[in-house]
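# Examination of the molecular architecture
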Amino acid sequence: MIDSHCHLAGPEFIEDLDAVIERAQAAGLRRALVILAADDEPELKQGGEVAARWNEVRFSIGVHPHAAAKYAAEPGASARVVEAAIDAQPFTRGLGEIGLDYHYDFAPRDVQQAVFREQIRLARRRRLPIVIHTREAEEDTFRILAEESAGEVGVVFHCFTGDRDMARRALDAGFYLSLAGIVTFPRALELHEVAKIVPLDRLLVETDSPFLAPVPYRGKRNEPAHVVRVAEAVAALRGDTAEAVGRAAADNFDRLFNP
Ligand code: NI
């Protein structure tokens, strides 16, 4: 089992990092992909601490769309910040999370798009698969990914919450879908349908911890060990075993990220 998206280097885990990692390993996780914000110095530094304690973690680094406004004057500067962080962290295997967020609109949309494009170009130059954050921005996300030929390095839609049509569209483009704790929520009916149709060779599972704790931990801090609950929920929906789902998702992770 692999948690393909968590924020284990965030401030929420500094105090009990060892215990969190022990619980992840005890739950059967052999690896986690830790997301680092390229412009967050404390988080980048803490990434080194995480790697020192768990040598199987790998990293994905990017400028989140929420932070894009910082690069309004010069979007290309975002890619330079990301590249410097990649060069400083030898266990980097992905670029992201990057993308568009029109729900919060923390940065003007044209700026988000420019920063997104610059980072896709960097990902292609460095041959790194891309971890996508997209919210209420489906059309522009697909358009930019296509225009920039992002599929050549591999793309995963992290914490996928779209409907079946959006899932089909992403799958047709060759992308992977990563399901998070929301799939365990009883009322997430559209996502349940998605969990049933994703081919087993395009599915990833993640926690997005410390956010989005699955049932029965809703409202609490989430942690990588809980990815098992996500795999169980997906498996139940598909009439499969959690082991089979976890194994397939881990194989997909290895193929995509070449850890
Ligand atoms: Ni995230």
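Everything numeric in this text was worked out from a predicted model, so none of it was measured.

## Remarks on the side chain of T184
One can find T184 in the loop between β7 (176-179) and α7 (189-197). Polar side-chain contacts of T184 include one of 2.6 Å to the backbone oxygen of G181. A polar atom in the side chain of T184 sits 2.9 Å from the backbone nitrogen of V215. With near-sequence residues (within four places) excluded, T184 lies in contact with P214, V215, R229, V230 and A233.

## Thoughts on the coordination of the nickel ion
Taken together, the protein ligands of the nickel ion are H5 (NE2), H7 (NE2), E97 (OE) and D208 (OD), with distances of 2.1 to 2.4 Å. Metal-centred angles of 85 to 178° between the four donor atoms at the nickel ion mark the site as irregular. For the nickel ion, the single-chain donor residues occur in sequence as H-x1-H-x89-E-x110-D. Placement of E97 in strand β4 (residues 92-101) and of D208 in the loop between β8 (203-205) and α8 (227-238) is noted, with a sequence separation of 111 residues between them. The residues E97 and D208 share a single accessibility class, namely buried.

## Considering helix α1 (residues 17-26)
For α1, every residue scored as buried is listed here: L17, V20, I21 and A24. When α1 is viewed along its axis, its buried side chains cluster within an angular range of 95° and face the same direction. Exposed and oriented more than 90 degrees from the buried face of α1 are E22 and A26. Those residues of α1 hidden inside the fold are in contact with α2 (41-53). Of the residues trailing α1, G28 is marked for its positive phi of about 100°.

## As for the nonpolar core
Judged by nonpolar contacts, the single largest core of 82 residues is most densely connected at L8, V34, L145, F157, F160 and L177. Sort the elements by how many residues they give to this core and α8 lands first, with seven residues. Judged by nonpolar contacts, the second largest core, of eleven residues, contains I2, V156, Y176 and A250.

Criteria and thresholds
- Sequence positions are assigned chain by chain, starting from 1 and proceeding in written order.
- Restriction of local features to residues with pLDDT of at least 70 applies here, the model being predicted, together with a cutoff of 80 or more for giving and counting side-chain atom pairs; totals for whole chains, interfaces and linings are based on all residues.
- To obtain the side-chain values, all non-hydrogen atoms of the structure were used and water was disregarded.
- Secondary structure follows DSSP: runs of H or I at least 4 residues long count as helices, runs of E at least 2 residues long count as strands, and numbering of each begins at the N terminus.
- Residues adjacent in sequence count toward polar contacts only when both atoms are side-chain atoms; beyond that, a polar contact is any pair of N or O atoms within 3.5 Å, and within protein one must be able to donate a hydrogen and the other to accept it.
- We call two residues in contact whenever any of their non-hydrogen atoms come within 4.5 Å of each other.
- Coordination here is defined by N, O and S atoms within 2.8 Å of the metal (3.2 Å for Na, K and Ca), and since water is not considered, a site can look incomplete.
- Sites are called tetrahedral only when four donors show all angles between 85 and 135 degrees, square planar or octahedral only when four or six donors show opposite pairs over 155 degrees and all other angles between 65 and 115, and irregular in any remaining case.
- Per-residue accessibility, obtained with a 1.4 Å probe over protein chains only, is compared with the maximum for each type, and a residue is labelled buried under 20%, exposed over 50%, and partly exposed between these values.
- This arc is taken over the directions from the axis of the helix to the C-beta atoms.
- Among the buried residues, those of types Ala, Val, Leu, Ile, Met, Phe, Trp, Tyr and Cys that are joined through side-chain atoms within 4.5 Å form a nonpolar core.

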